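Take a look at the letters that make up each chain.
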Amino acid sequence: LLLQRSREAKAAAYCPYSRFAVGAALLTAGGQIFSGCNVENACYSLGVCAERTAIQKAVSEGHTSFKAMAIASDREDDFIVPCGACRQVMREFGRDWDVYLTKPDGTYILKRLEELLPLSFGPEDLGK
């Protein structure tokens, strides 16, 4: 279901400049799913990725504990991976959750967030 919801979110992507549609679906610890798509802007740096959109939607509804995220794109040759900024935003909410990296044909690989962002910096490091 999570992979399907990420593909559905991709359909809503606003990407007139890159034409690189991405969708993400985030599973909370409570079992709810929040989806997001990338939203570009003519001022390129103001765009936001699908992964961060899904996280911001979940947080705005009071959810900060996550189990998994699936990410979808139209890349056929490689699995879609989150950018560095998204990895750091994901890390804000823990390092031990699953990330499904997919291809349009439905195949996927499963990674733990800590594999995607090793030796990471998080909220607990601020008190040191």
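Procedures and definitions
Residues numbered from 1 in each chain as written. Predicted model: local features only at pLDDT ≥ 70, side-chain atom pairs only at ≥ 80, totals over all residues. Heavy atoms only, no water. Axes fitted to C-alpha atoms, helices over the stretch in contact; angles between N-to-C directions. Helix = DSSP H or I, 4+ residues; strand = E, 2+ residues; numbered from the N terminus. Parallel < 35°, antiparallel > 145°, perpendicular 65-115°, else oblique. Left-handed = near helix turned anticlockwise from the far one by under 90°. Contact = heavy atoms within 4.5 Å. UniProt positions renumbered as here; feature names shortened; annotations may be inferred. 1 Å grid on protein atoms, 1.4 Å probe; cavity = no way out; pocket = protein on both sides within 12 Å on 5 of 7 lines; lining within 4 Å. Buried < 20%, exposed > 50% of the residue type's maximum accessible area, 1.4 Å probe, protein only. Salt bridge = Lys/Arg side-chain N within 4 Å of Asp/Glu carboxyl O. Pairing = 2+ DSSP bridges. Core = buried A, V, L, I, M, F, W, Y, C linked by side-chain atoms within 4.5 Å. Patch = residues over 30% accessible without salt bridge, like charges linked within 9 Å, V, L, I, M, F, W, Y side chains within 5 Å. Areas by Shrake-Rupley, 256 points an atom, 1.4 Å probe, with all protein chains shown as cover.

## A look at the packing of helix α2 (residues 50-60) against helix α3 (residues 84-91)
(1) Moving on: It is the contact of α2 with α3, at a shortest axis distance of 9 Å, that shows an interaxial angle of 25°. Between α2 and α3, the crossing angle belongs to the class labelled roughly parallel. Considering only the axes of α2 and α3, their crossing is left-handed. Contact residues: Glu51, Arg52 and Ile55 in α2; Ala85, Cys86, Val89 and Met90 in α3.

## A closer look at the UniProt feature "binding site: substrate" (unreviewed entry) in the protein chain
(1) Moving on: The positions that UniProt labels "binding site: substrate" (unreviewed entry) are, in the present scheme, Asn38, Val39, Glu40, Asn41, Ala42, Cys43 and Tyr44. Within the annotated group, the residues that form the lining of the largest pocket are Asn38, Val39, Glu40, Asn41 and Tyr44.
(2) Moving on: A residue is classified by how much of its surface remains accessible, and Val39, at 35% relative accessible area, is partly exposed.
(3) Moving on: Apart from the residues lying within four places of it in its own chain, the contact partners of Val39 are Tyr14, Gly47 and Val48.

## Brief notes about the pattern of salt bridges
(1) Moving on: Evaluated as defined, the whole model comprises five salt bridges.
(2) Moving on: A salt bridge links Asp78 to Arg75; the shortest N-O distance between them is 3.1 Å.
(3) Moving on: Judged by its relative accessible area of 41%, Asp78 is partly exposed.
(4) Moving on: A salt bridge links Glu124 to Arg95; the nearest nitrogen and oxygen atoms lie 3.1 Å apart. Note that Glu124 is positioned in the segment after α4 (113-116) and Arg95 in the loop between α3 and β4 (98-102), a separation of 29 residues in sequence.

## Section: the sheet that holds strand β2 (residues 33-37)
(1) Moving on: Spatially, β2-β1-β3-β4-β5 is the arrangement adopted by the five strands of the open sheet, whose pairing is mixed. Two strands bound the open sheet, and with one partner strand each, they are β2 and β5 (108-112). Strand-to-strand, the axes of this sheet are offset by a mean angle of 20°, without reference to chain direction.
(2) Moving on: As judged from the four bridges shared by strand β3 (residues 66-73) and β4, these two strands associate in the parallel manner. Directly across from Met69, in β4, lies its bridge partner Val99.
(3) Moving on: Sitting on the sheet, helix α1 (residues 2-10) is in contact with β1 (22-28), β2, β3, β4 and β5, with an inclination near 140° to β1.

## With respect to the nonpolar core
Buried together is how nonpolar side chains tend to be arranged in soluble globular proteins.
(1) Moving on: With 18 residues, the main nonpolar core has Leu26, Ile55, Met69, Ile71, Met90, Trp97 and Val99 as its most contacted residues.
(2) Moving on: Those elements that provide at least two residues to this core are β1, α2, β3, β4 and α4.
(3) Moving on: Here the element with the most residues in this core is α2; it accounts for four residues.
(4) Moving on: Leaving out residues up to four positions away in the same chain, Leu26 has contacts with Leu2, Gln32, Ile33, Phe34, Ala54, Ile55, Ala58, Phe66, Ala68, Met69 and Trp97.
(5) Moving on: With seven residues, the next largest nonpolar core counts Leu3, Ala25, Ala70 and Tyr100 among its residues.

## Section: a nonpolar patch on the surface
(1) Moving on: On the surface, a cluster of nonpolar side chains totalling about 450 Å² of accessible area is made up of Tyr14, Tyr17, Val39 and Tyr44.
(2) Moving on: Its location among the elements puts Tyr17 in the loop between α1 and β1.

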